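What the coordinates show
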Amino acid sequence: MTSPVQARPAESAGRRALWLAFAAVVMTFLLPLAGLVMSIFALVVAIRAVPTLRSVSKPTGTAVTGIVLAALALPVSLSMAAMQLYLSDELSAYSDCRAGAGTVVAQKECVDQLEQALQKKMPFIQPGDIQFPFAP
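Here we summarise the structure given alongside this text. Keep in mind it's a predicted model, so treat the numbers as computed, not measured.

**Focus: the packing of aromatic side chains**
- Under the counting rule described, the total for this entry stands at one aromatic pair.
- Here Trp-19 and Phe-22 contribute two aromatic rings whose centre-to-centre distance is 6.2 Å and whose plane-to-plane angle is 85°, an arrangement assigned as edge-to-face. Separated by three residues within a single helix, Trp-19 and Phe-22 lie in helix α1 (residues 9-30), roughly one turn from each other.
- For Trp-19, a relative accessible area of 60% corresponds to the exposed category.
- Phe-22 gets classed as partly exposed once you look at its relative accessible area, which sits at 46%.
- Between Lys-121 and the ring centre of Tyr-86, over which it is positioned, the NZ or CZ distance is 4.7 Å.

**Details of helix α2 (residues 32-55)**
- Taking 1.5 Å of rise per residue, 24 residues should cover 34 Å, and α2 covers 35 Å from first to last C-alpha, within 8% of that figure.
- Turning to α2, its buried residues are Pro-32, Gly-35, Leu-36, Ser-39, Ala-42, Leu-43, Val-45, Ala-46, Ala-49, Val-50 and Leu-53.
- Within two residues after α2, Ser-57 carries a phi angle of roughly 55°, on the positive side.

**Focus: the nonpolar core**
- Membership of the largest hydrophobic core comes to 15 residues, with the highest contact counts inside it found for Ala-17, Ala-42, Ala-49, Ala-63 and Ala-70.
- For this core, the secondary-structure elements that each account for two or more residues are α1, α2 and α3 (61-86).
- In terms of nonpolar packing, the next biggest core, distinct from the first, is built from 10 residues, Cys-110, Leu-114, Met-122 and Ile-125 among them.

What counts, and at which threshold
Position numbers for residues count from 1 along each chain, tracking the sequence in the order it is written. For this predicted model, a pLDDT threshold of at least 70 governs which residues receive local features, and a threshold of 80 or more governs which side-chain atom pairs are given and counted, while totals over whole chains, interfaces and linings are taken from all residues. As a rule here, side-chain values cover all heavy atoms of the structure and leave hydrogens and water aside. Here a Phe, Tyr or Trp ring, Trp counted by its six-membered ring, pairs with any other such ring whose centre lies within 6.5 Å, and the pair is stacked when the planes are under 30 degrees apart, edge-to-face when over 60, and tilted otherwise. Think of it this way: any DSSP run of H or I at least four residues long counts as a helix, any run of E at least two long counts as a strand, and we number them from the N terminus. The buried label goes to any residue with under 20% of its type's maximum accessible area, the exposed label to any with over 50%, and the partly exposed label to all in between, with areas taken from a 1.4 Å probe on protein chains only. Working rule: Lys NZ or Arg CZ, within 6 Å of ring centre, within 35 degrees of ring normal, means a charge sits over the ring. Multiplying 1.5 Å by the helix residue count minus one yields the expected span of that helix. Nonpolar core, defined: a set of buried Ala, Val, Leu, Ile, Met, Phe, Trp, Tyr and Cys residues in which side-chain atoms within 4.5 Å join the residues together.

All quantities given are derived from atomic positions and should not be read as evidence of function.
Shown next, in the form of structure tokens:
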């Protein structure tokens, strides 16, 4: 009886690191907190893949690309998650307002309230600078 052919862990380490880094980039834009965790995980896996690939004399390009992608996703996800946490009260108030808005006029009022709340929360933005072209 023969077993199915499987790639050795050392040979697939670079691809695994690259896929995890790509998933970290995607998760950063969908769910910033999950992207933060995924980018840290991808960075660790990619860094550990480099010596593994060198020990079996394989090219390390995929692992290095994974390190670069994960390292780029990390500060982006960190800043997006921090901004999301900083504006959580305003965003939840907007979500509650949108849930109760049954007309287009009521939805527009929710957007106006969100714009005003964001201007109060961030004093460096001039009044009228935040205008959403469509409802978020």
